[in-house]
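An overview of the molecular structure
Okay, here's what each chain looks like letter by letter:
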Amino acid sequence: TRCGTQVGNVTTQVGRGTAHCSDTIDWSGSGSISHRFSVSKELIGQPRLGLRYPLSGQCEQLSWLGRGPHETYCDRKQSGLIAKHSSTVLEQYVPYILSQEHGNLTDLNWLELRDDNSKLLRIDADQPIEGSVTRFPQEVLAAAYHTYELTPDHRFWLCLDVMQRI
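In what follows, the accompanying structure is described. Since the model is a prediction, treat every value here as computed from it, not as a measurement. (Residues numbered from 1 in each chain as written. Predicted model: local features only at pLDDT ≥ 70, side-chain atom pairs only at ≥ 80, totals over all residues. Heavy atoms only, no water.)

Quick look at the side chain of Glu112
Operational definition: By definition, any uninterrupted DSSP run of H or I lasting at least four residues is a helix, any uninterrupted run of E lasting at least two residues is a strand, and each is numbered from the N terminus. For every residue, the accessible area obtained with a 1.4 Å probe (protein chains only) is divided by the maximum for its type, and the residue is called buried under 20%, exposed over 50%, and partly exposed between those limits. Polar contacts, as counted here, are pairs of nitrogen or oxygen atoms within 3.5 Å of one another; within protein the pair requires one atom able to donate a hydrogen and one able to accept it, and residues that are adjacent in sequence qualify only if both atoms are side-chain atoms. Here, two residues are considered to be in contact whenever any of their heavy atoms come within 4.5 Å of each other.
Secondary-structure assignment places Glu112 in strand E7 (residues 105-114). With a relative accessible area of 10%, Glu112 lands in the buried category. A distance of 2.6 Å separates a polar atom in the side chain of Glu112 from a polar atom in the side chain of Arg122. With near-sequence residues (within four places) excluded, Glu112 lies in contact with Gln61, Leu62, Ser63, Leu120, Leu121 and Arg122.

Here it is in structure tokens:
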């Protein structure tokens with residue numbers, strides 16, 4: 001069994017935040033990761049609070065228990081039904097006229113990624129969270145003005161958020 005704890009601090013011109021991360025991973029590959037955030041009052045209006053992981057592999061199959069089957073955001077989620085949904089990572093991409101964030105899922109209880117050989121990554125949340133999986137990192141989306149300027153990354157980008165604000 002491997003255990004670890006990390007503390008990260010972020011200081012901006014308007015405030016300070018701290019993230020406490022602890023993880024436990026056993027020899028079978030199962031584990032738990034816990035994150036606790038402390039944010040100063042000056043940072044309460046930030047656009048998102050969470051984590052982003054680059055993942056390698058071919059886990060294209062996506063399923064989740066939360067709102068869906070389409071993308072949902074805190075201000076646009078009433079049409080999303082809380083149920084078990086299935087899709088692919090590429091189907092989560094929305095070709096907006098101006099390239100931007102896409103594929104967010106709200107009220108997530110769990111999220112799974114599988115490849116064709118049934119290799120699995122499963123995230124179970126202690127409380128409902130938001131999340132997304134994409135092949136288009138945020139830096140690429142922000143730099144592009146048109147969808148034809150985008151090329152899917154060889155990695156997956158998994159975002160797990162306490163909340164995202166549009």
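Quick notes on the packing of aromatic side chains
To describe a pair of aromatic rings, you give the distance between the ring centres and the angle between the ring planes. What counts here: Only rings of Phe, Tyr and Trp enter the pairing, Trp through its six-membered ring, and a pair is recorded when the two centres are within 6.5 Å. The plane angle decides the type: under 30 degrees is stacked, over 60 is edge-to-face, the rest tilted. Think of it as a cone above the ring: NZ of Lys or CZ of Arg counts as a charge over the ring if it is within 6 Å of the ring centre and within 35 degrees of the ring normal.
For the structure on display, the rule yields 1 aromatic pair. The ring of Trp110 has Arg122 sitting right over it, with the charged end atom 4.4 Å from the ring centre. Between the NZ or CZ atom of Arg135 and the centre of the ring of Phe156, over which it lies, the distance is 3.8 Å.

A closer look at the nonpolar core
We count it as follows: Side-chain atoms within 4.5 Å link the members of a nonpolar core, which is a set of buried Ala, Val, Leu, Ile, Met, Phe, Trp, Tyr and Cys residues.
By size, the foremost hydrophobic cluster in this structure holds 13 residues, and its most contacted members are Leu62, Leu108, Leu111, Leu113 and Val133. Broken down by secondary-structure element, the contributors of at least two residues to this core are strand E5 (61-68), E7, strand E8 (120-134) and strand E9 (156-164). Examining the composition of this core, we find that 4 residues originate from one element, E7, more than from any other. Contacts of Leu113, omitting those with residues within four sequence positions, involve Leu55, Cys59, Gln61, Leu62, Val89, Lys119, Leu120, Leu121 and Val133.

Points about the environment of His20
Here His20 is to be found in strand E2 (residues 16-25). What makes His20 partly exposed here is its relative accessible area of 26%. As for His20 and Ser38, which are separated by 18 residues in sequence, their C-alpha atoms are 8.4 Å apart.

Some thoughts on the pattern of salt bridges
Filter applied, for reference: Basic side-chain nitrogens of Lys or Arg form a salt bridge, by our definition, when they fall within 4 Å of a carboxyl oxygen of Asp or Glu.
Using the criterion set out here, one finds 8 salt bridges in the structure. With a closest N to O distance of 3.7 Å, Glu60 and Arg135 form a salt bridge. Pair noted here: Glu60 is in the loop between strand E4 (48-55) and E5 and Arg135 is in the loop between E8 and helix H1 (138-143), with a separation of 75 residues, a long-range link. Here the salt bridges share partners, and the residues they tie into one network are Glu112, Arg114, Arg122 and Asp124.

Overview of the sheet that holds E9
Selection criterion: Paired strands, as defined in this entry, are two strands with at least two bridges between them according to DSSP. All axes here are fitted lines through C-alpha atoms, helices being fitted over the stretch that makes contact, and every angle between N-to-C directions spans 0 to 180 degrees.
Ordered in space as E4-E9-E8-E7-E5-E6, the 6 strands form an open sheet in which the pairing is antiparallel. Where the open sheet ends on each side, the last strands, each with one partner, are E4 and strand E6 (81-88). Adjacent strand axes in the sheet meet at a mean angle of 20° when their direction is disregarded. Relative to E8, E7 runs antiparallel, the two sharing 7 bridges. Looking at E8, one finds that Leu105 is bridged to Gly131.

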